[in-house]
Amino acid sequence: MAYESLGELQNACRHHDIFEAVLESDCVDRGVTREQSLTQMRALYGAIRRSKEGYDPALRSHSGMVGGDGAKMREYVAKGKTICGEYIGGVIAQAIEMGESNACMKCIVAAPTAGSCGVLPAVLLPYQRRENLPDETMVKAMYVAGVIGQVIASNASIAGAAGGCQAEIGTASAMGAAALCYLAGGNAEAVCHAATLAIKSMLGLVCDPIAGLVEVPCVKRNAAGAMIAMSSADMALAGIRSAVPPDEVILAMREVGEKMDVSLKETGIGGIAGTPFGQKIAEQMNLEEED
Amino acid sequence: MNLFDILGPVMVGPSSSHTAGAVRIGRIARRLLGEGTPMRADIALSGSFAATGHGHGTDRAIIAGLLGMNTDDERISDSFAHAHEAGMAYTFSRVKLPGEHPNTARLELTAHSGKTLSIIAASLGGGRIMVREMNGLRANFSGDLPTLIVQNLDQPGHVSDVTSMLSHKGVNIATMQLYRDHPGGNAVMIIETDKAVPAEGIRWLERSEGITRVTFIDAE
């Protein structure tokens, strides 16, 4: 069956590669063969690669607030004068492009949600290119990312309406951190701590989209989620461990989500949505809905 | 949640509940009508679907599903034009459906043959959906498994007719629900199975006295 805690996952990985442990649990969980599971995951990774090619900088979202920023970031990176460097600049651009594609009704892969669909591609695609890794290796990393999302879903939440943005971009960031750590050779313990460090950095993030639309601030938060995934993976690979045990951090995430005011959970009322600018856009959108 | 509830669906944005789920609602309605693209669709949006549906493309997504598109079809954003080409007329309105899930739509379809279908369906999050009412009777099914829906008069023996037929055809029942509007009135059986129900079994049910309508949709 599916793993319900990171402790349980780490135990299962004592004599097992983490990818193998997750693949086996998926086969039992859904009653499928190894090959069926792998075929489905290969298709999903293929869809992520295709969604990257689908980016169109000319498109604008429904409200007009979103579009073209990914291309802007790429142009800036190409000039060679970024603060973060070329590689990280490319990660930021990828995260924004994917979030923009989602807002502009292009095809994406929800991971774990549509609003947070930019994080995993932003950390995986540039890493694959730089390290020249085959797709089959990336598919294994997808299993590692997936199990982190499963454990969070079963102990906290992956829905902004239930747990705030920490549940969406926060979970995506933890999944990305785990996948990167695995790809760079981290063991199961390091992988779980990479995910945990990411969650701790994202704890408390509210879900406050203007007019309730998956546009602002969602798209740019994908870039932040990707950055935290990378720093968390590097810390874990350096041997740094979360002082608080991973499963306790996930329960803290649940508690924070439960205590978060409802105005900050995808209702379009508080936070960025509640700013005068946000309210003005919401009014314009409302008028349009009524037409 | 299983691994592929976390990773996926592959979908056109911006929202798994308001866009991908809406495509699936349109699509299951088309499958339940069973006659290809409907001639006419009257769609009422409720709750959050009504409040932010236009901005999330919920309206275009439902039309796309009615035209048979999947959640990852990039023609979704242009589905109104495709409906026009396919000769499908449609209207949108808002409705309050107290007690229903916040993301709910009511679809009333008419086929070219004159056959009609009405459903109320909810988008539960992550692209997952549930049909909550069909032709005026309560329901709870997603269309993920092969699903047999038998509408009959509320009188003794019909459950036995249906389960005997399934047993005879070697079809295992996964879940079964029974609802009726009032004693002796209209009843419905919703049976999810582990494999497809053979066409001759369905024809046999259609000929049985007291059974008013039989609908079967296979798993996709």
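Every value quoted in this text rests on a predicted model; they were computed, and no experiment measured them. (Residues numbered from 1 in each chain as written. Chains lettered and ligands numbered in written order. Predicted model: local features only at pLDDT ≥ 70, side-chain atom pairs only at ≥ 80, totals over all residues. Heavy atoms only, no water.)

Caption draft 1: Representation of the overall build of chain B. Helix and strand counts for chain B come out as seven helices and eleven strands. Since a compact globule built from 220 residues should have a radius of gyration of about 17 Å, the 17 Å found for chain B is in line with a globular shape. Projected onto its principal axes, the C-alpha coordinates of chain B cover approximately 50 × 40 × 35 Å. Counting all 220 residues of chain B, 52% fall into the buried class. Surface summary for chain B: the accessible area is close to 9,000 Å², and the carbon and sulfur share equals 48%. Across chain B, the mean location of the 20 positive side-chain charges is 2 Å away from that of the 23 negative side-chain charges. (Helix = DSSP H or I, 4+ residues; strand = E, 2+ residues; numbered from the N terminus. Rg over C-alpha atoms; globule rule 2.2 N^0.38 Å. Buried < 20%, exposed > 50% of the residue type's maximum accessible area, 1.4 Å probe, protein only. Areas by Shrake-Rupley, 256 points an atom, 1.4 Å probe, with all protein chains shown as cover. Lys, Arg positive; Asp, Glu negative; His and termini not counted. Charge placed at Lys NZ, Arg CZ, Asp CG, Glu CD.)

Caption draft 2: Examining the pattern of salt bridges more closely. Residues and elements named next belong to chain B. As enumerated under the stated definition, the model contains 23 salt bridges over all chains in all. As a salt-bridge pair, Glu-220 and Arg-27 come within 2.5 Å of each other at their nearest N and O atoms. Linking Glu-220 in the segment after strand 11 (211-217) with Arg-27 in helix 2 (residues 16-33), this pair joins segments that are 193 residues apart in sequence. Across the salt bridge formed by Asp-154 and Arg-180, the nearest N and O atoms sit 2.8 Å from each other. Taken together, the residues Asp-154 in the loop between strand 8 (147-153) and helix 6 (158-168) and Arg-180 in strand 9 (residues 173-180) connect sequence positions 26 residues apart. Overall, Arg-180 belongs to the partly exposed group, its relative accessible area being 47%. (Salt bridge = Lys/Arg side-chain N within 4 Å of Asp/Glu carboxyl O.)

Caption draft 3: Representation of the interface of chain B and chain A in the model. Between chain B and chain A, the residue contacts involve 30 residues of the former and 39 residues of the latter. Carbon and sulfur atoms supply 66% of the area that chain B and chain A bury against each other, a total of about 2,800 Å² over both sides. Summed over the three residues of chain B that lose the most area to chain A, namely Leu-3, Phe-4 and Ile-6 of chain B, the buried surface amounts to 25% of that side. Here chain B is connected to chain A by one salt bridge. A salt bridge links Lys-106 of chain A to Glu-74 of chain B; its shortest N-O distance comes to 3.2 Å. At the level of secondary structure, the elements contributing two or more residues to the side of chain B that touches chain A comprise helix 1 (3-6), strand 1 (10-12), helix 2 and helix 3 (47-52) of chain B. Residues of the side of chain B that touches chain A, tallied by class, amount to 13 nonpolar, 13 polar and four charged. (Contact = heavy atoms within 4.5 Å. Buried area = accessible area lost by both parts, 1.4 Å probe. Nonpolar A, V, L, I, M, F, W, Y, C, P; charged D, E, K, R; others polar.)

Caption draft 4: Geometry of helix 2 (residues 18-30) of chain A. Across its 13 residues, helix 2 of chain A extends 18 Å between first and last C-alpha, which sits within 8% of the 18 Å expected from 1.5 Å per residue. Taken together, the buried positions of helix 2 of chain A are Ile-18, Phe-19, Ala-21, Val-22, Leu-23, Ser-25, Asp-26 and Cys-27 of chain A. Taken together, the buried residues of helix 2 of chain A touch helix 1 (6-12), helix 3 (34-53), helix 7 (135-155), helix 9 (169-183) and helix 10 (188-202) of chain A together with helix 1 of chain B. Gly-31 of chain A occupies a position one or two residues after helix 2 of chain A and carries a positive phi of about 65 degrees. (Expected span 1.5 Å × (residues − 1).)

Caption draft 5: Broad picture of the environment of Ile-119 of chain B. Residues and elements named next belong to chain B. Here Ile-119 shows up in strand 5 (residues 116-125). The sequence separation of Ile-119 and Ala-105 amounts to 14 residues, and the corresponding C-alpha distance is 8.2 Å. The residues contacting Ile-119, other than those within four sequence positions of it, are Ile-25, Ile-28, Ala-29, Leu-32, Ala-105, Arg-106, Leu-107, Val-131, Glu-133 and Met-134.

Caption draft 6: Summary view of the side chain of Ser-208 of chain B. For Ser-208 of chain B, the location among the structural elements is in the loop between helix 7 (199-207) and strand 11. At 3.0 Å, the side chain of Ser-208 of chain B forms a polar contact with the backbone oxygen of Trp-204 of chain B. (Polar contact = N/O pair within 3.5 Å; in protein donor to acceptor, adjacent residues only side chain to side chain.)

Caption draft 7: Expanded view of the packing of helix 2 of chain A against helix 7 of chain A. All names here are of chain A. At a closest axis distance of 9 Å, the pairing of helix 2 and helix 7 adopts a crossing angle of 65 degrees. Two packed elements cross with a definite hand, and for helix 2 against helix 7 that hand is left-handed. On the side of helix 2, the interface is formed by Ile-18, Phe-19, Val-22, Leu-23 and Asp-29, while helix 7 contributes Lys-140, Tyr-143, Val-144, Val-147 and Gln-150. Across the contact of helix 2 with helix 7, the residue classes tally to seven nonpolar, one polar and two charged. (Axes fitted to C-alpha atoms, helices over the stretch in contact; angles between N-to-C directions. Left-handed = near helix turned anticlockwise from the far one by under 90°.)

Caption draft 8: Layout of the pairing of strand 2 (residues 40-46) of chain B. Residues and elements named next belong to chain B. Within strand 2, six of the seven residues are buried, which leaves the element mostly enclosed by the surrounding structure. Strand direction decides the pairing type here: strand 2 and strand 3 (residues 89-94), joined by six bridges, are parallel. In the strand pairing of strand 3, Ile-43 is matched with Phe-92. Where strand 2 and strand 4 (residues 103-110) come together, seven bridges link them in antiparallel fashion. Bridge assignment links Arg-40 to a residue of strand 4, and that residue is Thr-110. (Pairing = 2+ DSSP bridges.)

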